[in-house]
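Here are the chains, one letter per residue:
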Amino acid sequence: MTSMTLLTLPAAVEAAIVAALPDAPDDRRTIGLRVERWWPDLRSALEAIYPGRADELGARLVGLAATAYGVRPEDLRDLDQRRLLEPDWLQRPEMVGYACYAERFAGDLSAVAGKADYLAELGVRYLHLMPLLLPRDGDNDGGYAVADYRTIRPDLGTTDDLRNLTSSLQAQGISVVLDLVLNHVAKEHEWARRAQAGEQRYLDYFRIFPDRTEPDAFEATLPEVFPDFAPGNFTWDHDVRGWVWTTFNEWQWDVDWANPEVLVEYADIICFLANLGVEVLRLDAIAFTWKRLGTNCQNQPEVHELTQVLRAVARIACPATVFKAEAIVGPRDLVPYLGTGRHVGRVSDLAYHNSLMVQAWSMLATGDARLAKQALGALPESPPGGTWITYLRCHDDIGWAIDDGDAADAGVNGFEHRRYLADWFAGDFPGSWGRGLVFQFNPETGDKRTSGTAASLVGLDPTIAGAPAREEGLARLFLAHALVYGWGGLPVIWSGDELAMPDDPAWAAEPGHEEDNRWAHRPRLDWTLAATRDDLTTIAGKVFSSLAHLARVRAALPELHASAVAHVIPGVDDGVLAVVKRHPSGPLIGLYNVTDGWRPFPSEHFTAAGMTAPVNALGGHMVTWGADGQVWLGPYAAWWVVDRPANDT
Ligand code: GLC
């Protein structure tokens, strides 16, 4: 294929490239080089999931990747080059993200482009627009029931509008992130409709059972995602005369990834979205994509093989496009989504740090960092190229993913602690300042989850009167955001949290939302409030400016590069979470006092980290201590300490 071929590719793969790009020798060369590089990833993962079919399927996938490259716009080809030249672009400290529903944030896609200045004030470089591909009519789980992956919601715009938006944002240094719902399609999607019409090819895209025997066997070990409004995991469908696997809602049909035709379809959709300028694909509900009897059908090893295949395809067709795993799973299952074992560097670059989010809230509720130290300290190390999405809130509820083992090691009962947190943040616990809501209480398991904006959960709710309560709420919010921005991943703000917007009291008024109180924390952005963001006497102004400050300080600290893993410092006061990051540019110690009192931190840790002139970069002051050798941290203090000797340039 190239003059210096390093690897012999199967003839079918070579032929697929020629067939896809018959008149473009330069493109064939480029694709040939990329296939040489990524074929081992593609082939080995295909062989693991579809034994005996790797070469044939691999050739098809290379063919579709080459075809997509053939029509890839010139500016995106340039972007591919830029990203290849700067492979750590997601890990750099200047990266800050923002997530919103386009219509709730701005109106439609062209209106989103008009808000770039607002985003720039917050330092945003990554914009996650919630599902905007055509969903089913009526309730559609916030767009996660996709009826057509190749059409944009007409109220938001067209594919041309999306293309214009991605290129205008790219020109301003903002990358667009979109969801790719992998586990299911709406039952109105063409694949499901053709299955309902009896076409065998499409019946094979789903998991359909003629009677309850297999569903019951699976149910024995399957949890329920929405026990309130969608109990069970299977739905009887009259047209296909069978029980359809529906993990989420009855109108979201799980696709069958054991059928390689499904994989080929999604590979093609990935290339299509990438060619519209989407730079990050959020792999929605990826944990659920592989089913295995006798398990909870989440986090199965095949999930990582599938991701590896799709990633290799993207690397061949559109290397600027990367993956973010949406796996909101227990701490032990989390790291493999960033790549462990033979999947290191071969799956997603980004994954949600669900455990950090849960522990941030747990620390605020209890004023105790012991469980967080245990849980975060026990998390296996993430690979150097993998980056955590760090966040305090997102569009979903908070599931209290606290591992029973971690809880026991920290001296608490996991079940009771989870229950306590749900009660605390719903304001159902004596003395609680939380003003969130209970989401999906499951009386059978006792499981309760939590909805609420960051402001509501920290107690910055308009119903809480009084300046002292407000100041404490603000301090808690700043502390939690400082942790999220200082961990060293890619921090993402959920829309409205930058203005401390409270829960939307009218959340249930919109048709289709009545039963799903996650809409309480998905408010329409209040642009009147946003107009006050420079007024530092207001809560909105204080919170907005504090986030902009965190982003500015962060961007100037090479120590916060995401490749440096955060390690919990043991043996520190129970009310203080202390974290050290050792990046070649220098160490950084993050100090977070989660209590409302003064707490000590032994100065010897600065010396141990090799610091000679510790400076708190967030407060802009030297760090000093007295004869007791302790640095005293005020209530809810958050410090990012770096070494800045005077002669340092
Ligand atoms: C993801 C989304 C969530 C949705 C679910 C089903 O978890 O974040 O909002 O309900 O997938 O698609």
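Residues numbered from 1 in each chain as written. Predicted model: local features only at pLDDT ≥ 70, side-chain atom pairs only at ≥ 80, totals over all residues. Heavy atoms only, no water.

To continue, consider the overall build of the protein chain. When helices and strands are tallied, the protein chain shows 23 helices and 25 strands. Against the globule reference of 26 Å for 649 residues, the protein chain gives a C-alpha radius of gyration of 25 Å, in line with a compact fold. With the C-alpha coordinates of the protein chain rotated into their principal frame, the extents come out at 75 × 60 × 50 Å. For the protein chain, buried positions account for 61% of its 649 residues. Residue pairs at least 24 apart in sequence account for 72% of intrachain contacts in the protein chain once pairs closer than 6 positions are excluded. Accessible surface for the protein chain amounts to roughly 23600 Å². Of this, 53% is attributable to carbon and sulfur atoms. (Helix = DSSP H or I, 4+ residues; strand = E, 2+ residues; numbered from the N terminus. Rg over C-alpha atoms; globule rule 2.2 N^0.38 Å. Buried < 20%, exposed > 50% of the residue type's maximum accessible area, 1.4 Å probe, protein only. Contact = heavy atoms within 4.5 Å. Areas by Shrake-Rupley, 256 points an atom, 1.4 Å probe, with all protein chains shown as cover.)

As a further point, take the packing of helix α4 (residues 74–85) against helix α8 (residues 159–171). Running from amino to carboxyl end, α4 crosses α8 at an angle of 45°, the nearest separation of the two axes being 12 Å. Overall, the two elements α4 and α8 adopt an arrangement that is oblique. With respect to the hand of their crossing, α4 and α8 are arranged in left-handed fashion. Taken together, the residues of α8 that come into contact with α4 (itself represented by Asp75, Leu76 and Leu79) are Arg163, Ser167 and Gln170. A per-class count over the contact of α4 with α8 returns two nonpolar, two polar and two charged. (Axes fitted to C-alpha atoms, helices over the stretch in contact; angles between N-to-C directions. Parallel < 35°, antiparallel > 145°, perpendicular 65-115°, else oblique. Left-handed = near helix turned anticlockwise from the far one by under 90°. Nonpolar A, V, L, I, M, F, W, Y, C, P; charged D, E, K, R; others polar.)

Right, let's get into the site of the ligand. All residues adjacent to the ligand are Asp141, Tyr144, His184, Phe226, Phe248, Gln252, Arg282, Asp284, Glu326, His395, Asp396 and Arg518. One of the side-chain nitrogen or oxygen atoms of glutamate 326 is found 2.9 Å away from an oxygen atom of the ligand. About the coverage of the ligand: the protein hides 94% of its 310 Å² of free accessible area. More than half of the atoms belonging to the ligand lie within 2 Å of the grid points that define the largest pocket. (Near = heavy atom within 4 Å. Polar contact = N/O pair within 3.5 Å; in protein donor to acceptor, adjacent residues only side chain to side chain. 1 Å grid on protein atoms, 1.4 Å probe; cavity = no way out; pocket = protein on both sides within 12 Å on 5 of 7 lines; lining within 4 Å. Sits in = over half its atoms within 2 Å of the grid points.)

Further remarks concern the nonpolar core. Of all hydrophobic cores here, the largest spans 198 residues; its most connected members are Tyr98, Leu129, Tyr266, Trp361 and Trp640. Residue contacts for tyrosine 266: discarding those within four places in its chain leaves Tyr149, Leu180, Val181, Leu182, His184, Val185, Trp191, Val255 and Trp257. Formed by 17 residues, the second largest nonpolar core is a distinct cluster that contains Ile569, Phe601, Met611 and Leu633. (Core = buried A, V, L, I, M, F, W, Y, C linked by side-chain atoms within 4.5 Å.)

Moving on to the domain arrangement of the protein chain. Domain annotation for the protein chain reports domain 1 (11–85), domain 2 (190–254) and domain 3 (559–643). Relative to domain 3, the C-alpha centre of domain 1 lies at a distance of 47 Å. (Domains from an automatic or database assignment.)

Another point: the sheet that holds strand β7 (residues 208–209). Pairing within the open sheet is antiparallel, and its three strands lie in the order β7-β9-β8. The sheet is open, and its two edges are formed by β7 and β8 (234–237), each paired on a single side. Where β8 meets strand β9 (residues 242–245), four bridges bridge the pair, whose relative direction is antiparallel. Bridging across to β9, phenylalanine 234 finds its partner in tryptophan 245. (Pairing = 2+ DSSP bridges.)

When you line up the elements, leucine 560 lands in the loop between α22 (539–555) and β18 (566–568). Looking at leucine 560, the relative accessible area reads 0%, which means it is buried. If we ignore the near neighbours within four places in the chain, the residues touching leucine 560 are Gln91, Pro93, Tyr485, Gly486, Gly488, Arg554, Lys581, Leu588 and Trp640.

Taken together, the six strands give an open sheet; going across it, the order is β18-β19-β20-β25-β22-β23, and neighbouring strands pair in antiparallel fashion. Each of the sheet's edge strands pairs with one partner strand only, and the pair in question is β18 and β23 (621–622). Bridge count between strand β19 (residues 576–583) and strand β20 (residues 586–593): eight bridges; the pairing is antiparallel. Each residue of the ladder has a partner; that of leucine 577, found in β20, is tyrosine 592.

Between its first and last C-alpha, α4 extends 17 Å over twelve residues, near the 16 Å set by a 1.5 Å rise per residue. Looking only at α4, the buried set comprises Leu76, Arg77, Leu79, Asp80 and Arg83. Buried positions in α4, seen along its axis, are confined to an arc of 155° and lie on one side of it. Exposed residues on α4 whose side chains face more than 90 degrees from its buried face are Glu74 and Leu85. (Expected span 1.5 Å × (residues − 1). Arc of directions from axis to C-beta.)

Next up on the list: unusual backbone geometry. Residue aspartate 141 is not a glycine yet carries a positive backbone phi of 60°. Looking at the secondary structure, you find aspartate 141 in the loop between β3 (133–135) and β4 (146–152). We note that arginine 241 has phi near 50°; this positive angle belongs to a residue other than glycine. Secondary-structure assignment places arginine 241 in the loop between β8 and β9.

The grouping of Asp139, Asp228, Glu514 and Glu515 at the surface amounts to a negative patch. For aspartate 228, a relative accessible area of 47% corresponds to the partly exposed category. (Patch = residues over 30% accessible without salt bridge, like charges linked within 9 Å, V, L, I, M, F, W, Y side chains within 5 Å. Salt bridge = Lys/Arg side-chain N within 4 Å of Asp/Glu carboxyl O. Lys, Arg positive; Asp, Glu negative; His and termini not counted. Charge placed at Lys NZ, Arg CZ, Asp CG, Glu CD.)

Let's shift gears to the pattern of salt bridges. By the definition in use, this model includes 46 salt bridges. Across the salt bridge formed by aspartate 41 and arginine 346, the nearest N and O atoms sit 2.8 Å from each other. A residue pair is termed long-range when its members are at least 10 positions apart, and aspartate 41 in helix α2 (residues 25–49) and arginine 346 in the loop between α14 (331–334) and β13 (350–352) qualify at 305 residues. Looking at aspartate 41, the relative accessible area reads 5%, which means it is buried. Taking the shortest distance from any N to any O, the salt bridge between arginine 449 and aspartate 397 comes out at 2.8 Å. On the criterion of sequence distance, the pair formed by arginine 449 in strand β16 (residues 447–451) and aspartate 397 in the loop between β14 (387–391) and α17 (404–409) is long-range, its members being 52 residues apart. Taken individually, arginine 449 and aspartate 397 each receive the classification buried, so the pair is uniform in this respect.

Approximately 1300 Å³ is the volume found for the largest pocket. What lines the largest pocket is a set of 50 residues, and nearest its centre among them are Gln298, Ile328, Gly399, Asp447 and Arg449. Elements that contribute at least two residues to the lining of the largest pocket include exactly β11 (280–284), α14, α15 (354–366), α18 (414–425) and β16. Looking at the lining of the largest pocket, its residues break down into 21 nonpolar, eleven polar and 18 charged. Each pocket or cavity is described by its volume, and for the second largest pocket that value is around 470 Å³. As for the second largest pocket, its lining consists of 23 residues, of which Pro87, Arg311, Arg315, Val322 and Asp349 are closest to the centre. Elements that contribute at least two residues to the lining of the second largest pocket include exactly α4 and α13 (301–317). Across the lining of the second largest pocket, the residue classes tally to eleven nonpolar, six polar and six charged. (Points joined across faces, edges and corners; volume = space filled by probe spheres on them.)

A large share of β19 lies buried, amounting to seven of its eight residues. Examined bridge by bridge, β18 and β19 share three bridges and lie antiparallel to one another. The residue bridging histidine 567 from the neighbouring strand is valine 580, located in β19. Between β19 and the antiparallel strand that follows it, β20, lie two residues.

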